[in-house]
Each structure stands twice: as C-alpha cells, then as structure tokens.
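Fold and contact review
For reference, the chains in residue letters:
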Amino acid sequence: MDETNARQVLLLRAFETARPAHPLWGEDDRRWASRVALEEAPADDTPERFLARRAAAALRRLGPRESHVRDWLAHPLWHGRWMPAALGLGLMLGLVADALGPAHRISLLAPPVWALVLWNLGVIVLVLLRGLLALRPSASPQPGGLRGWLARRTLDLRSLRRTRRDERRPPPDAPDAPSLASLLDTLAVQWLSLSAPLAGARAALLLHLGAIGVALGVIASLYLRGLVLDYRVGWSSTFLDTGTVHQALSLLLEPAARLSGLSLPDAATLAALRLTEGAPVLPAPGGIDTAAPWIHLWSITLVLAVVLPRALLALLAALQAGWLARRFPLPLTEPYFRELLGQQRREAARPVLLPYAQPAEPARVAALTDLLRRQLGETLALQVAPVRAYGSEDETALQASVAGSPSLLLPLFDLSATPEAEIHGRWLRALMNASAPGGRPGPRIVMLVEDSSFAARFAASAPERLAQRLQAWQALADSLGLGCVRLHEGRPAADDTAAQAVLAGLSGASGLQPEGALA
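The notes below deal with the structure included here. (Residues numbered from 1 in each chain as written. Predicted model: local features only at pLDDT ≥ 70, side-chain atom pairs only at ≥ 80, totals over all residues. Heavy atoms only, no water.)

Here the focus is the overall build of the protein chain. Looking only at helices and strands, the protein chain has 20 helices and 7 strands in total. Looking at the protein chain as a whole, 46% of its 519 residues are labelled buried. Across the protein chain, the fraction of contacts at a sequence separation of at least 24, relative to all contacts at a separation of at least 6, is 82%. Carbon together with sulfur atoms contributes 60% to the accessible area of the protein chain, which is approximately 25800 Å² in total. (Helix = DSSP H or I, 4+ residues; strand = E, 2+ residues; numbered from the N terminus. Buried < 20%, exposed > 50% of the residue type's maximum accessible area, 1.4 Å probe, protein only. Contact = heavy atoms within 4.5 Å. Areas by Shrake-Rupley, 256 points an atom, 1.4 Å probe, with all protein chains shown as cover.)

The subject of this paragraph is a nonpolar patch on the surface. Taken together, the side chains of Leu 87, Leu 89, Leu 91, Leu 93, Leu 95, Val 96, Leu 216, Leu 224, Leu 227, Val 228 and Leu 229 make up a nonpolar region of the molecular surface, amounting to roughly 1000 Å² of accessible area. Of all the secondary-structure elements, those providing two or more residues to the nonpolar patch are helix 5 (82-96) and helix 10 (196-228). Among the elements that line the nonpolar patch, the one with the most residues is helix 5, at 6 residues. Structurally, the position occupied by Val 96 is in helix 5. (Patch = residues over 30% accessible without salt bridge, like charges linked within 9 Å, V, L, I, M, F, W, Y side chains within 5 Å. Salt bridge = Lys/Arg side-chain N within 4 Å of Asp/Glu carboxyl O.)

For strand 6 (residues 444-450), a buried count of 7 out of 7 residues is recorded, marking the element as mostly surrounded by other parts of the structure. Side chains Arg 444, Val 446, Leu 448 and Glu 450 project from strand 6 onto one buried face, and the interleaved Ile 445, Met 447 and Val 449 project onto a second face that is buried too. Alignment of strand 5 (residues 408-414) against strand 6, held across 5 bridges, turns out to be parallel. Following the sheet pairing, Asp 414 is matched in strand 6 by Glu 450. When strand 6 meets strand 7 (residues 483-487), the two strands line up parallel, connected through 5 bridges. Bridge assignment links Leu 448 to a residue of strand 7, and that residue is Val 485. (Pairing = 2+ DSSP bridges.)

Glancing now at the environment of Ala 6. As for its position among the elements, Ala 6 is in helix 1 (residues 3-16). The class for Ala 6 is buried, based on a relative accessible area of 0%. C-alpha separation for the pair Ala 6 and Trp 191, spaced 185 residues apart in sequence, amounts to 9.2 Å. In this view, Ala 6 contacts Met 1, Trp 191, Phe 328 and Leu 330; residues no more than four positions away in its chain are not counted.

With 44 residues, the main nonpolar core has Leu 10, Phe 15, Leu 51 and Phe 328 as its most contacted residues. Among the elements of the structure, helix 1, helix 2 (27-39), helix 3 (47-62), helix 4 (67-74), helix 9 (180-194), helix 10, helix 13 (292-326) and helix 14 (335-345) are those that each provide at least two residues to this core. The element best represented in this core is helix 3, accounting for 8 residues. Excluding anything up to four places from it in sequence, Phe 15 contacts His 22, Leu 24, Trp 25, Leu 62, Val 69, Leu 180 and Leu 183. By size, the runner-up hydrophobic cluster in this structure holds 38 residues, among which are Trp 114, Ile 212, Ala 257 and Ala 314. (Core = buried A, V, L, I, M, F, W, Y, C linked by side-chain atoms within 4.5 Å.)

These values are about where atoms sit, not about what they do.
See the structure below:
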C-alpha cells in the first residue's frame, strides 16, 4: 500500500473508531463501504488492496460532506523541490564560510576543512551505529535529534489547525461525539507515529544533500578566494614536532595526493614551513609555502571524505524513502484491521429463507437481509425459496431447498400459527435430514418466528397469550436442538438478548445451531 492510500485508510479509521460515532460517518456508511469494496474485489485481491479500495469508496461519500477531510488528504507532506533546496542551502552556507581564515597565512594543522571532515566522519559513524541498533527487535522507529526534528516538520499541520479553529465543538446533532478537530488531531498523532520511518528516511535524505552542498560550497569558496588573494601556508605547534606533523599530514592527504598526482612535502620542507613566534612572516624561498597545491589536496579530500560518502547515504535514504512510500507499513494486527480483513477473507454466505405457510413480505425480507449482512458480511445475498404449503411433505421441494450447498437455512414461521410437532416438527426434521445426508455436517438451521400480525392483535389486549405462543415455538425449537429467533418486521427487538446471542453465533462453523431462546 502506498503512502496516499495509507493516508485514506487511516483517515477512515479515525472516523470508524470514534466513540461515540461521529454523525458524518455512521454504521450504514461503514457497511456500504465494505460492500462496495467486496463487490469490486478481483480474484487476486490482497488485504492492502482491499483496505485501500474500501477507503477510496468511503471517501467518495465522506469527502463531499466535510471540506476539512478533503483538506487533510490534499495537504502535501513531501515536496520533491525540498531536495534541490537542501542542496542549494548547503551550497550557500559553504560559500559564505571562510574556510581559509581571515589571515593570508593558513595553518596546515587547523584549517576549517579538517573540522568539516571530522564532523562528516562522525556522522557516518553515527549512521552506522544507528543502523546496527535498528536491527534490535526493541528498537524504536522514531528518529531522534536533528533528523527527528526535520522528520516531524514533514508533517506540518499548522495550516490545518488554522482552518479547523471553528471546529473544536462537538457536532450539534451528536453532543457526545468527538469534534471534527479532535478526530483530525488524533489522526495526526497516529500518522506521525506510523510514518516515522518514512519521514526519518526523507529527513536523512535532506540532511545528506545539505552536507554535500556545504562541502561543494567550501570547495568553491577555496578556489574563489584563491583567485583574488595570495594565501600562504605554515604551521606551528607546542606539542608536535616536524616528524609527527609529516606523518599526520601524509596519512590524511595520501588518498588525495595519489588521485591528483601531487607530491606531499617531505619532512625538511615542513620544517622550513614551521612558523616561529615573534619572527617576521616572510615568503619562503622557492615558493614552497604557496597554498595552491594544498587547496587542491583539501578539495579532493572533501570530495572523498564528504561528498562521495554523503552521496551514497543520500541514495540509500532516497531508496528507503521510495520503498516505504510504496509499501507503507500499516498495523494490520490491530483489532480494527483484523475485523475488516475478516470480512474480506470470509467466504460469501449463502443463506436460504424458507417461508412456511405464508409468504415473506418484501420489506421484511429486506430488513432480514440487512440484519444478516451485519453478521455474515456485505457479500451476502439472501435467497428466498417458494412458500411451503401447510402440511407439505414434498421431498422434491426439500431437496431444492438445500441445493447449491447453502451455508444457512432459515425456516420462517408466523406466530399466528400454533406449532405442531406432527406438522411443523416433522417438516423441520425432514429438512434437517435432507440438509445433512448420511449424517454429514450440514448447514446451520435457525428457526425464525415473525410476530408482527399476532402482536398487533394481542400484544395490548392479551399479552399472556403472546407469551404462551412464544413459549410454544421455543419448546419446538428446543426439542429439535435448533436456535429460534423472534422477529418483528424482519428484525429482532434491540433488548432481546437471547435472539442477539443466537444471531451472534451465525458466523461460526457449519452444523446445527446451538439451543437458543425466544424472549
């Protein structure tokens, strides 16, 4: 999943995990997004593509509802022009830096060039150590120091805070829900944590380019100043003798000397370049103190010790940033993602509704379908079988009911009918046998009892009769070991905990439904 899709997924997660739910995005919206993503799923779908497709579908509905959502997604977190800007800024700093010092006599032991080389070598050592520490399982992905500060600046949300200043209050139609500003603030914190490796790689890239610019600026400064000023070299030291200085300079400048073909001065020449305190500074005989060859050596040393290593590190940081931007790491093991991916992996449920004696009204079928999709996934398509006539024992009709390997059988009865073991019970047993031939595990069977018409007549005038009829249907279900759910207009009552428990078990394995209870 790339960075753009990850931003959309995490934005949607902020809304869907808000408690209480934000009115901009409700449960119906969430289920719609899942259904669209599942319907568009290709054969070789992956979890990342499913999540990205679902988020894209959701934002087609959520984006037009709230402009700040569109602003957050449109807010750029990385600009390619930052790279030449970092290089140019470093170049300017190197140019204005006085790498040779204010005097025309340069000390061979203490030019600012050596400070730049030592600083760069120290950074390289730190990069290597950080790479080794990152291999530890407990290593924190958060970059620190200057790199961490620059990484956090790549997620600049200050402009969004200004546009959201009037969004700090909860929605007027949902006073208990979090405000839009708090949702986006939470999202910003989550994004900063998850994008830390990517932001750190980009920050490292900018720092390496800046260091390259500084080195190139210093090199340019050396030659530009050398064109108009006559610099001379020398050295002095309280603790070092000529032999030690010769060894140190030979060690530091030998690679540059080999590449340039310039020869390093011998010990006798260095002795002649030694400066004595209080003695007049005069040009050395033969021009051995001219700074030109030393500027060449220092420039090549800067290329070898700063430009080339930093260019390699910049390339590695760019490759790492590109890889992370194309493969953004999402915490797919979190409950939110596990629930969504469970919908993706779940085989499409194939329930069959079997109306007995009375046809199922379309509005109630639609309500039941909506209920089942909440339990079995958005790809569910409820098949409605022809009405079974009262007392029918048609074997062909029973076999047709279980054709196509349905995953769930839902015999539907009306509470107005009195349950009869020799009629309803015998038909249910025949259905159970037909769905599990030879004793093999068959589809789950759950009895549904619609109470709308019966309750309309007796709920107010004779509630005890309603309770008795419910108990009779429950007793029949218990005798067969089936679950039984009371419906009203295609849905169970919100406070019917027994029915809710039976429905919650629908996503389990095949087999007979455990015993349930009508309320």
